[in-house]
Amino acid sequence: VWGVTRQLEKEKIDIFHGLSNELPLNIHQSEVKSIVTIHDLIFLRYPQYYHSIDRKIYTYKFRKACENADKIIAISECTKRDIIEYFRIPADKIEVVYQGCDLSFMHPVAAEKKREIRAKYQLPDHYILNVGSIEERKNALSAVQALTMLPEQIHLVIVGRHTEYTDKIERFIKENKLEERVHIISNVPFDDLPAFYQLAEIFVYPSRFEGFGLVLAEAMSCGIPCVSFDCPHGPSDIIKDHEDGLLVEKENIKELADKICYLIENENVRIKMGHKARENVKRFLPENVMPQWKNLFESLTYSSK
């Protein structure tokens, strides 16, 4: 860590950007300007999901990076609020710059490719989709619970790596005889994901907390309306309620099911929201975010340490 700063000075680097929550510990003692991107402080907001030693290490590294950086990038308004609350960092030191998703999600998948993906993974004709790490915080179980209140022809496809939490979901599936309607699929190559989204009717995301919620942006890029829990986290930065998706009171499974059902039964609303989603997500495109980066780098380049 210490050697990184010496190397930066030797190579006469003007600005160092820590892309993922960390900076060399002594960079503030050098002439090199520094920026750090903080993705989230979930380990402080929801400590129960992390081991004690991990929380201590993360807290030390993230706090030092925020204190030592010349500028902090938060990937959402939620993350900015958390940096201020937990680390007592002045608000004017923090800039919110949203993430973008891969441009492949913006392009329609060819009909032949869709047929190939549907056959390869045995996807049902009508399904709602959930993508992401299958873990307690992401809360895919709520989507499964909501399925019990939806028409029988509607299936749920969950894409993510198998974990201990997956076992909990599978027990609920078995207890409620949902084996034919819930499809948990692991090891999906990235190139296949756009088809998963574009074959879905609705994207459902009952996560309890996100720094940003990248999969929501992916779904919206594909023109899929989203239903997400409404809480002080990434989805509220991304979804404009009743425009490109629907927000649900946190942990309210009945409301989650009702809003999914509403979209299923109203194809015109679903299509309209999908179109609006594709338009609204364009604010995360590189050409719309780059001016923020340009201004940020220029402000540091022409300011004194």
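Predicted, not measured: the structure shown is a model, and the values here were computed from it. (Residues numbered from 1 in each chain as written. Predicted model: local features only at pLDDT ≥ 70, side-chain atom pairs only at ≥ 80, totals over all residues. Heavy atoms only, no water.)

Asks: So what's going on with a nonpolar patch on the surface? Which residues, and what values?
Replies: On the surface, a nonpolar cluster with roughly 270 Å² of combined accessible area is contributed by Ile-53, Ile-57 and Tyr-58. Its location among the elements puts Ile-57 in helix α3 (residues 52-68). (Patch = residues over 30% accessible without salt bridge, like charges linked within 9 Å, V, L, I, M, F, W, Y side chains within 5 Å. Areas by Shrake-Rupley, 256 points an atom, 1.4 Å probe, with all protein chains shown as cover. Salt bridge = Lys/Arg side-chain N within 4 Å of Asp/Glu carboxyl O. Helix = DSSP H or I, 4+ residues; strand = E, 2+ residues; numbered from the N terminus.)

Asks: Quick one: what's the story with the packing of aromatic side chains, residue by residue and with numbers?
Replies: Counted by the stated rule, this structure contains 16 aromatic pairs. Judged by centre distance (5.8 Å) and plane angle (25 degrees), the ring pair of Phe-203 and Tyr-205 falls under stacked. Each member of the pair Phe-203 and Tyr-205 is classed as buried. Here Phe-212 and Phe-284 contribute two aromatic rings whose centre-to-centre distance is 5.4 Å and whose plane-to-plane angle is 80 degrees, an arrangement assigned as edge-to-face. A residue pair is termed long-range when its members are at least 10 positions apart, and Phe-212 in the loop between β8 (202-205) and α9 (214-221) and Phe-284 in the loop between α12 (267-280) and α13 (286-301) qualify at 72 residues. Phe-284 sits in the buried class, given a relative accessible area of 4%. Among the aromatic residues, those joined into a cluster by ring pairs are Phe-105, Phe-190, Tyr-197, Phe-203 and Tyr-205. (Phe/Tyr/Trp six-rings, centres within 6.5 Å; stacked < 30°, edge-to-face > 60°. Buried < 20%, exposed > 50% of the residue type's maximum accessible area, 1.4 Å probe, protein only.)

Asks: Describe in detail the sheet that holds strand β10 (residues 245-249), supporting the description with residues and values.
Replies: The strand order across the open sheet built from six strands is β7-β6-β5-β8-β9-β10, with neighbouring strands paired in parallel fashion. Across the chains shown, the open sheet's two edge strands, defined by having one partner strand only, are β7 (182-185) and β10. Between one strand axis and the next, the sheet turns through 25 degrees on average, direction left out of account. Where strand β5 (residues 127-131) meets strand β6 (residues 155-159), five bridges bridge the pair, whose relative direction is parallel. Within β6, the position partnered with Tyr-127 by the bridge is His-155. Where α9 meets the sheet, its contacts fall on β5, β8 and β9 (226-230), and the angle it forms with β8 comes to roughly 170 degrees. (Pairing = 2+ DSSP bridges. Axes fitted to C-alpha atoms, helices over the stretch in contact; angles between N-to-C directions. Contact = heavy atoms within 4.5 Å.)

Asks: I'd love a proper account of the packing of helix α6 (residues 140-147) against helix α11 (residues 253-265), names of residues and values included.
Replies: Look at α6 against α11: their axes get within 9 Å of each other, and the N-to-C directions meet at 65 degrees. With respect to their mutual orientation, α6 and α11 come out roughly perpendicular. In this structure, α6 crosses over α11, and the sense of that crossing is right-handed. Here Ser-142, Ala-143, Gln-145 and Ala-146 of α6 lie close against α11, whose contacting residues are Ile-253, Leu-256 and Ala-257. A class-by-class count of the residues in the contact of α6 with α11 yields five nonpolar, two polar and no charged. (Parallel < 35°, antiparallel > 145°, perpendicular 65-115°, else oblique. Left-handed = near helix turned anticlockwise from the far one by under 90°. Nonpolar A, V, L, I, M, F, W, Y, C, P; charged D, E, K, R; others polar.)

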